[in-house]
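Working through the structure, step by step
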Amino acid sequence: MNKYLFGAIFFASILMGCNPQSENYSTMVDELYNKMSLEERVAQLQSCFMNELFDENGELDTAKCKQQIPNGIGHCSQYASQIPMDANLLRDRVAKLQEWLINNTPNGIPALFHEEVLSGINALDATIYPQQIGQACSFNPELAELKTKQTGEQMRRMGGVLSLSPMVDVCRTPSFNRLEESYGEDAYLSAVMGTAFVKGLQMGDLKKGVGACSKHYLGYGGGGDADEKELMEEILLPHETMIRLAGSKAVMPGYHAVHGTKCVANEEILTDILSGYVGFDGMIVSDYTAISQLYDAKTSEERAALAINAGNDVDFPTGADYATLPEGLKKGLVKEEAFERAVKNVLLYKFRCGLFDKDAYLYTTEKITLDTPEERQTAYDIASQSIVLLENNGILPLKDTKKVLLTGPNANSMWAMCGDYSYPAMSYFWKKQIIGSENPHIVVLKEGMEKCAPEGFTIDYSRGCDWTDEIETLYQELGDERAWEYEILHRKVDSGEEANREEALRKAADCDVIVAAVGENVMLCGENRDRKGLRLPGRQEEYVKSLIATGKPVVLVVFGGRAQVISEIADKCAAVIQAWYPGEEGGNAVADILYGKVSPSAKLSVSYPNTEITEPICYNRSAEKDARVAWPFGYGLSYTKFEYSNLQLKNKTLWTNDDFIELSLDVTNTGDMKGDEIVQIYLSPKGDNKNIRPIQLQGFARVSLAKGETRTIHTKLYTEQFGYYTNEGGKRQWNIAPGEYTIKVGASSTDIRLSMDVELSGKAVAKPIRDYYFSESTIK
């Protein structure tokens, strides 16, 4: 029996080695705090870039250390990505700096080294997994957990203790330039995947794993404008489950404002909601340069005071504003209790990570090998489960084809594979460095198609079209202000290849099928990067139309960080694939799907628009199809067919004070090949009930079926999943009310295959906060 635990676990039993009730750190924190000078305390709230403390020969400059960090330092910012460096040399630098801090500062406090790990460690040679928006389409939290477990093991070997990942913003605006970092528009799916991310990365023990950081709290990417009900029920949900179910102990507020106040200085969301309602007792760290963007304050002292008094603990990336805290304390701008809280939160985090233990795991002394075969296999597995087949007139899989023309700007480019916050992307954007495709090896689509081609296939290639003819990246002063430079933003990627349209069209006339790889790249989507509109960049749409005009069947493969408007060409193509940024094994994964070695199984984690949309949309607003949406949330085609049957509820009447309802259904593969189906369970109210959304995902199960095979899915749906949030006179609570509901089982949010009504009877139940979040499914 395979067991798929998509959450649904008791709050009290899941804090994974980080339960504050089991900790005895408070006395030790108090004792250490009382021994520290003011300067030492401030230093714990600041950070530095490690490599600035090393000389040109790679040796620690102890004179610089004495000058710049005589009282220690709390953190080291993005320590693995600053210079292209072998993991073993990087680890050696960490070891030298930690040794110096332990032996040469007043209380010998080690630093927290942090890095981005969204799609793997942001470091040279580290595995590049698919971007999160694609991984969400896999609906596979087990793979998500495996990915971050591999990431956490490697990063801890390299001396990293804290990550600044994952991003769990519920992103509902299709044009949002950072949508790729998210898990999409649905709060439930985002919470499941985000919680799995934390479980894998932290490995149940912060003394062995790497700490996760929930960002960008609260409502970055459009959710900050939501009403209180949506904010607390949906936008907050991924942060809440990461903290309450998986023991995440770090949170990063976003750059944006909620209710008119920037998040980093917003007492309502940092203290009232996060600490008061959710019960968070960890460390809050600013996004890079976020405190300096508190423009209502006139001085650095005032900015620092606003942030720390509201609940923010640490000033990233260097602590420039928090350097004024002593003066702010002296003037009474900074509250003494706020300052003490911030320093103690950092010290507590370090105790939780075991940095003060006699046998502290600060780094490994063994040789480090990155991008192992096991890690590459995980990258491939995620990629092959993340690629969504949107349209197919029967051309796929390619079977009777002999000659294929591969063309388009993303056909032979690593930038089709690497999303933002991967090491190549970060190096290119921030440092204008081209790392190349060998550290690690990135399989582009051309390589994958040539290597995986069935016997007798010929792959011809001509780029045919560039991403853009002109620079399309918009200059905007948003996000990290270090990128507010014209020279950083005003450029376009050089492919290093000629894009000869005439040559490509001549080759098209001599082929059987055209595979057109189009979409975005590192300069057209990502943090601080955007462009006008969501249609294909440059003249790509025009180029695809010219390929269609040849009369040859066109398979359109779209890469990028968000859904792109392709409504004018999609129905004229023989097939359409959304590949996102599929990581280092992306070329192999897409090729295997094209050739039918793998049946596509991914389902959309967003509503895919057919027109330009710059406002939030979400499938759960209505049970009816949105005319602006080409392909709905949860949609994705397969090469085989699945039949749903025999939906049964153990008891159609459920009491409000019961724990759960049990349901089961059968799924049969009625097609001609093995495949995976993602069975989705939705909940809808009946009648005039407005307490919950018209339709809301409340569970799913990924089931693998051989040709002709039938399996049974058993699901526990918890009564608290029928609940809703209220705030009466400042009293926040979670409510389960009697009423009638419909449980829907479907292949997407609009393709409902089975349904059954259920009644909740009894008295209304209210509790301060819910304990059950996710349904639990097993497959037999």
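Because the structure is predicted, anything quoted here is derived from the model rather than measured.

What to know about the overall build of the chain
- Helix and strand counts for the chain stand at 21 helices and 30 strands.
- For 780 residues, the compact-globule estimate of 2.2 N^0.38 gives 28 Å, and the chain sits close to it at 26 Å.
- Its C-alpha atoms put the chain at 75 × 70 × 50 Å along the principal axes.
- Contacts in the chain between residues at least 24 apart in sequence constitute 80% of all its contacts with a sequence separation of at least 6.
- In the form shown here, the chain has an accessible surface area of approximately 26900 Å², with 46% of it arising from carbon and sulfur atoms.
- Across the chain, the centroid of the 81 positively charged side chains sits 2 Å from that of the 110 negatively charged ones.

Brief notes about empty space enclosed by the protein
- For the structure on display, the rule yields 6 cavities of 30 Å³ or more.
- Quantified by volume, the largest cavity comes out at close to 240 Å³.
- In this structure, the largest cavity is lined by 19 residues; those nearest its centre are Glu233, Gln696, Gln698, Gln721 and Arg770.
- Secondary-structure elements contributing two or more residues to the lining of the largest cavity are α7 (187-202), α8 (228-235) and β23 (696-705).

Remarks on the environment of isoleucine 678
- Mapped onto the secondary structure, isoleucine 678 falls in strand β22 (residues 675-685).
- Each C-alpha atom of the pair isoleucine 678 and proline 317 lies 41 Å from the other, and the pair is 361 residues apart in sequence.
- Those residues in contact with isoleucine 678 that lie beyond four places of it in its chain are Cys137, Ser138, Phe139, Ser601, Ala602, Lys603, Tyr644, Phe700, Ala701, Arg702 and Gly746.

Describing helix α10 (residues 267-278)
- For α10, spanning 12 residues, the distance from its first C-alpha to its last is only 14 Å, which falls clearly below the expected 16 Å at 1.5 Å a residue.
- Those residues of α10 that fall on the buried side of the exposure criterion are Ile269, Leu270, Ile273, Leu274, Tyr277 and Val278. An end-on view of α10 places all buried positions within 145° of arc, on one side of the element.
- One side-chain oxygen at the N-terminal end of α10 lies 3.1 Å from the backbone nitrogen of glutamate 268; it belongs to asparagine 266.
- At the C-terminal side of α10, glycine 279 shows a positive phi close to 85°.

Quick word on the sheet that holds strand β25 (residues 724-728)
- The antiparallel open sheet is built from 3 strands, whose spatial order is β25-β26-β29. Either end of the sheet is taken by a strand with one partner, and the two such strands are β25 and β29 (765-767). Recorded for the sheet is a direction-independent mean angle of 35° between the axes of neighbouring strands.
- As paired elements, β25 and strand β26 (residues 731-736) share 5 bridges and run antiparallel to each other. When the bridges of β26 are listed, tyrosine 725 appears paired with tryptophan 734.
- Contacting β25 and β26, α8 crosses the sheet at an angle of about 135° to β25.

Points about the layout of surface pockets
- Considering only enclosed or pocket space, the largest pocket measures out at about 540 Å³ in volume.
- What lines the largest pocket is a set of 27 residues, and nearest its centre among them are Phe176, Asn177, Tyr220, Gly221 and Leu478.
- Split by residue class, the lining of the largest pocket holds 7 nonpolar, 14 polar and 6 charged.

Overview of the environment of phenylalanine 429
- Counting through the fold element by element, phenylalanine 429 comes out in helix α15 (residues 423-431).
- Placed 345 residues apart in sequence, phenylalanine 429 and phenylalanine 774 show a C-alpha to C-alpha distance of 38 Å.
- Ignoring any residue separated from it by four or fewer positions in sequence, one finds phenylalanine 429 in contact with Ala483, Ile488, Leu489, Arg491, Met523, Glu527, Asn528 and Arg529.

Notes on the sheet that holds strand β27 (residues 739-746)
- Spatial ordering of the open sheet is given by β20-β28-β27-β22-β23, a layout of 5 strands whose pairing is mixed. Since the sheet does not close on itself, it has two edges, and those belong to β20 (653-655) and β23, each with one partner. Direction aside, the axes of adjacent strands within the sheet are offset by 25° on average.
- For β22 and β27, the ladder comprises 6 bridges, and the chain directions are antiparallel. From the neighbouring strand, isoleucine 681 faces β27, where its bridge partner is valine 745.

A word on the packing of aromatic side chains
- Within this structure, the stated rule accounts for 20 aromatic pairs.
- With 5.5 Å between their ring centres and 90° between their planes, phenylalanine 176 and tyrosine 220 make a pair best called edge-to-face. Of this pair, phenylalanine 176 sits in the loop between β5 (162-163) and α7 while tyrosine 220 is found in the loop between β6 (214-217) and α8, placing the two residues 44 residues apart along the sequence. Neither residue differs from the other here; phenylalanine 176 and tyrosine 220 are each classed as buried.
- With a centroid separation of 6.1 Å and 70° between ring planes, the pair formed by tyrosine 288 and phenylalanine 316 is classed as edge-to-face. With tyrosine 288 in the loop between β10 (283-284) and α11 (300-310) and phenylalanine 316 in the loop between α11 and α12 (325-331), this pair connects stretches of sequence that are 28 residues apart. Across the pair, phenylalanine 316 and tyrosine 288 agree in class, each one buried.
- Among the aromatic residues, those joined into a cluster by ring pairs are Phe139, Tyr188, Tyr619, Phe633, Tyr682, Phe700, Tyr773 and Phe774.
- We note arginine 41 situated over the ring of tyrosine 33; from NZ or CZ to the ring centre the distance is 3.8 Å.

Rules used in this analysis
- Residues numbered from 1 in each chain as written.
- Predicted model: local features only at pLDDT ≥ 70, side-chain atom pairs only at ≥ 80, totals over all residues.
- Heavy atoms only, no water.
- Helix = DSSP H or I, 4+ residues; strand = E, 2+ residues; numbered from the N terminus.
- Rg over C-alpha atoms; globule rule 2.2 N^0.38 Å.
- Contact = heavy atoms within 4.5 Å.
- Areas by Shrake-Rupley, 256 points an atom, 1.4 Å probe, with all protein chains shown as cover.
- Lys, Arg positive; Asp, Glu negative; His and termini not counted.
- Charge placed at Lys NZ, Arg CZ, Asp CG, Glu CD.
- 1 Å grid on protein atoms, 1.4 Å probe; cavity = no way out; pocket = protein on both sides within 12 Å on 5 of 7 lines; lining within 4 Å.
- Points joined across faces, edges and corners; volume = space filled by probe spheres on them.
- Expected span 1.5 Å × (residues − 1).
- Buried < 20%, exposed > 50% of the residue type's maximum accessible area, 1.4 Å probe, protein only.
- Arc of directions from axis to C-beta.
- Polar contact = N/O pair within 3.5 Å; in protein donor to acceptor, adjacent residues only side chain to side chain.
- Pairing = 2+ DSSP bridges.
- Axes fitted to C-alpha atoms, helices over the stretch in contact; angles between N-to-C directions.
- Nonpolar A, V, L, I, M, F, W, Y, C, P; charged D, E, K, R; others polar.
- Phe/Tyr/Trp six-rings, centres within 6.5 Å; stacked < 30°, edge-to-face > 60°.
- Lys NZ or Arg CZ within 6 Å of the ring centre and 35° of its normal.

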